[in-house]
Amino acid sequence: MPEARTPKKPRRARGTKSAVHLLLRVNGEDREVTTAPHRTLLETLREDLGLTGTKHGCELGECGTCTVLVDGQPILSCLALSADYEGREITTVEGMADGAQLHPLQETFADLGAAQCGYCTPGFLLTAKALLEEKPSPSREEIREALAGNLCRCTGYLKIYEAVEQAAARMREEGPRGGR
Amino acid sequence: MRAFEYLSPKTLEAASAAVRTAPEGARIIAGGQDLLGELKERIATPGRVVSLKAVPGLRGIREESGSLRIGALATVQEVAESPLVREKAPALAEAATSVGTPQIRALGTVGGNLCQRPRCWYYRLADFPCLKKGGGTCFAVEGDSRYHAILGGGPCHIVHPSDLAVALVALDASVEVVGAKGRRTIPIADLYALPAVDASRETTLAPDEIVAEVSVPAGARSAFRKFREKLSLDFAVVAAAVALGPKGPRVALGGVAPVPWRSREAEAALGAKPVTAESAAAAATAALAPAKPLKNNRYKVPLACAVLRRTILAAAGVADPGPPAPPATPAPTKKAGEDF
Ligand SMILES: Cc1cc2nc3c(=O)[nH]c(=O)nc-3n(C[C@@H](O)[C@@H](O)[C@H](O)COP(=O)(O)OP(=O)(O)OC[C@H]3O[C@@H](n4cnc5c(N)ncnc54)[C@H](O)[C@@H]3O)c2cc1C
Ligand code: FES
Ligand code: FES
């Protein structure tokens, strides 16, 4: 006789080499994943959770295209073990828009053409979002410093800086809206 | 990456035991900014990874009886931004600011920074069975040695990659470690040993010993300077830290040796007298006098000399009169392929 199954509470990360059960909080939602302990956060987001907005680049910590926010702070998901990030608030580029309403940074990046091939864009958007939440009126130098860990191989840095400045101005005028 | 089991114990003692009892070897993970690179390249293939994230009491920076106490899990960014560190140990704050990128500083920890493995390109590629990986050769001797050691090298010629360690050696810091035999405190210089002692590792820690806290005497005038090729992010080609404390000057160089390199020659040249432009130049020259460059890194000698001279002046608050006049001897003629 088949037993009635009660859904198991996910165990905290521990146990075997083949599987850990993790409870991750991504873009404001609780997500349960069963994955290998040696999965990076980048792999878990893209392959286990289907959030492919976060990009694979150098895998060495040098390019920043894999940037996500953890508790509001930019980190490199390629150098993070998923199991280390249980219970933390993870934000990917998919979490920036509020429904159909784009984040002001997404709008100004589009308006100014601050993306060429676009591969670096998710990382830049999230790093810039963290900056503007901390400093609503950053100087050009502060923007350069905050974005120093994000590489654009198409080298469109000027447009990127301008887009961040315009988004900052828009956010100051309009006050908080949309996204997280 | 090779598959491993992941543990997250709640005390340092349990973490140390988890490393000790691992049947297929184990590694500690703090911020992972160095370890993940090693795991991906399969230079490190532990069967177990032990995270420190759930161990309480390893974070934070506080002042206690004349010393700054910095937890092993304090991030590089927290050190860079700490008003306490900026005021009482400026060389350390400057070193932290120079590390990696904002993302790397956000996760990278003090303990991980001190225990990170070298960046030598032969070590970092699994294809090169170098001395450090248990092989028989240091490939830098015959190969491309432009970023390798000019002091203290042999049989392996790596340079130690940590910027924080250079500042901490100058600041006369000590490190508290926890292992099978309990806790012990050692001067930071004793955390490191030259490859002549054991080419397979950089620190003197037992595999199950964990750095818990760093203690830094507060209040010495100090400075840190770093020359790197890329400003946005780069390890030091050459770095220097100088502290002028009550026990006399302490001078350390980075990017030049397999350990953060304390220069007693420079300290003796500075002596107890107030720093002048002349004594700074003489001390820098003395520090580099024992240098033995390899095929491609002769350029590091004058570079380290200049960086150190400026760092001494910065620590003393003496205006930089510019470099001293070069010696009149003609430069040696280069063979093709020498120097880069
Ligand atoms: C692109 C890039 C640029 C970088 N630039 C710089 C730079 O300019 N300057 C610089 O100094 N560093 C630089 N780093 C190295 C960077 O990894 C360290 O700065 C960082 O602080 C490491 O800390 P972590 O906590 O992430 O270490 P982890 O990766 O977690 O650990 C590093 C090593 O130390 C061991 N370990 C960790 N914590 C402890 C502990 N408490 N006790 C004993 N062993 C421990 C681990 O087992 C591992 O072997 C760079 C790294 C990258 C990827
Ligand atoms: S993919 Fe993570 S920094 Fe390049
Ligand atoms: S737009 Fe192509 S990498 Fe930045």
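Residues numbered from 1 in each chain as written. Chains lettered and ligands numbered in written order. Predicted model: local features only at pLDDT ≥ 70, side-chain atom pairs only at ≥ 80, totals over all residues. Heavy atoms only, no water.

Draft legend 1. Main features of the site of ligand 1. All names here are of chain B. Around ligand 1, 38 residues are found, and the nearest of them are Ile28, Gly31, Gln33, Leu35 and Thr109. Contact between ligand 1 and Asp34: an oxygen atom at 2.8 Å from a main-chain N or O atom of the residue. Contact between ligand 1 and Lys226: an oxygen atom at 3.0 Å from a side-chain N or O atom of the residue. About the coverage of ligand 1: the protein hides 97% of its 970 Å² of free accessible area. When contributions to the shell around ligand 1 are tallied by element, the ones reaching two or more residues are strand 2 (26-29), helix 7 (110-115) and strand 8 (210-217). Here the element with the most residues in the shell around ligand 1 is helix 7; it accounts for four residues. Per-class residue counts for the shell around ligand 1 are 17 nonpolar, 13 polar and eight charged. (Near = heavy atom within 4 Å. Polar contact = N/O pair within 3.5 Å; in protein donor to acceptor, adjacent residues only side chain to side chain. Areas by Shrake-Rupley, 256 points an atom, 1.4 Å probe, with all protein chains shown as cover. Helix = DSSP H or I, 4+ residues; strand = E, 2+ residues; numbered from the N terminus. Nonpolar A, V, L, I, M, F, W, Y, C, P; charged D, E, K, R; others polar.)

Draft legend 2. Spotlight on the confidence of the model for chain A. Mean pLDDT over chain A stands at 90; residues scoring 70 or higher make up 89%. With pLDDT under 50 throughout, residues 1-14 of chain A is counted as low confidence; its partners more than four residues away or in other chains account for 16 contacts. (pLDDT = per-residue confidence, 0-100. Contact = heavy atoms within 4.5 Å.)

Draft legend 3. Structural context of the sheet that holds strand 12 (residues 261-262) of chain B. All names here are of chain B. Overall, antiparallel pairing links the four strands, which are arranged 9-10-11-12 in an open sheet. Looking at the sheet topology across the chains shown, the edges are occupied by strand 9 (221-227) and strand 12. Taken together, the seven bridges between strand 10 (residues 238-245) and strand 11 (residues 248-254) define a ladder with antiparallel strand orientation. Bridging across to strand 11, Ala239 finds its partner in Gly254. Relative to the sheet, helix 12 (residues 300-316) contacts strand 9, strand 10 and strand 11, its axis offset from that of strand 10 by approximately 30°. (Pairing = 2+ DSSP bridges. Axes fitted to C-alpha atoms, helices over the stretch in contact; angles between N-to-C directions.)

Draft legend 4. Geometry of the pattern of salt bridges. One pass over the full model with this rule turns up 36 salt bridges over all chains. Between Glu47 of chain A and Arg39 of chain A there is a salt bridge, and its shortest N-O distance comes to 3.2 Å. We note a salt bridge from Asp111 of chain A to Arg170 of chain A, for which the minimum N-O separation is 3.1 Å. Of this pair, Asp111 of chain A sits in helix 2 (residues 104-112) while Arg170 of chain A is found in helix 5 (residues 157-174), placing the two residues 59 residues apart along the sequence. The class of Asp111 of chain A is exposed, set by a relative accessible area of 53%. Within the structure, one salt-bridge network assembled from shared partners comprises Arg62, Glu64, Arg69 and Glu213 of chain B. (Salt bridge = Lys/Arg side-chain N within 4 Å of Asp/Glu carboxyl O. Buried < 20%, exposed > 50% of the residue type's maximum accessible area, 1.4 Å probe, protein only.)

Draft legend 5. Geometry of the interface of chain B and chain A. In this complex, chain B contributes 28 residues to the contact, which on the side of chain A involves 30 residues. Of the roughly 2,300 Å² buried between chain B and chain A, counting both surfaces, carbon and sulfur atoms make up 57%. Across the chain B-chain A interface, the total number found is two salt bridges. Between Lys40 of chain B and Glu59 of chain A there is a salt bridge, with its nearest N and O atoms 2.4 Å apart. For the interface between chain B and chain A, the tally reads 11 residue pairs in polar contact (both at pLDDT 80 or more). Only strand 1 (5-7), helix 2 (35-40), strand 3 (48-51) and helix 6 (102-107) of chain B provide two or more residues apiece to the side of chain B that touches chain A. For the side of chain B that touches chain A, the leading source of residues is helix 6 of chain B, giving five residues. Counted by class, the side of chain B that touches chain A contains 13 nonpolar, 10 polar and five charged residues. (Buried area = accessible area lost by both parts, 1.4 Å probe.)

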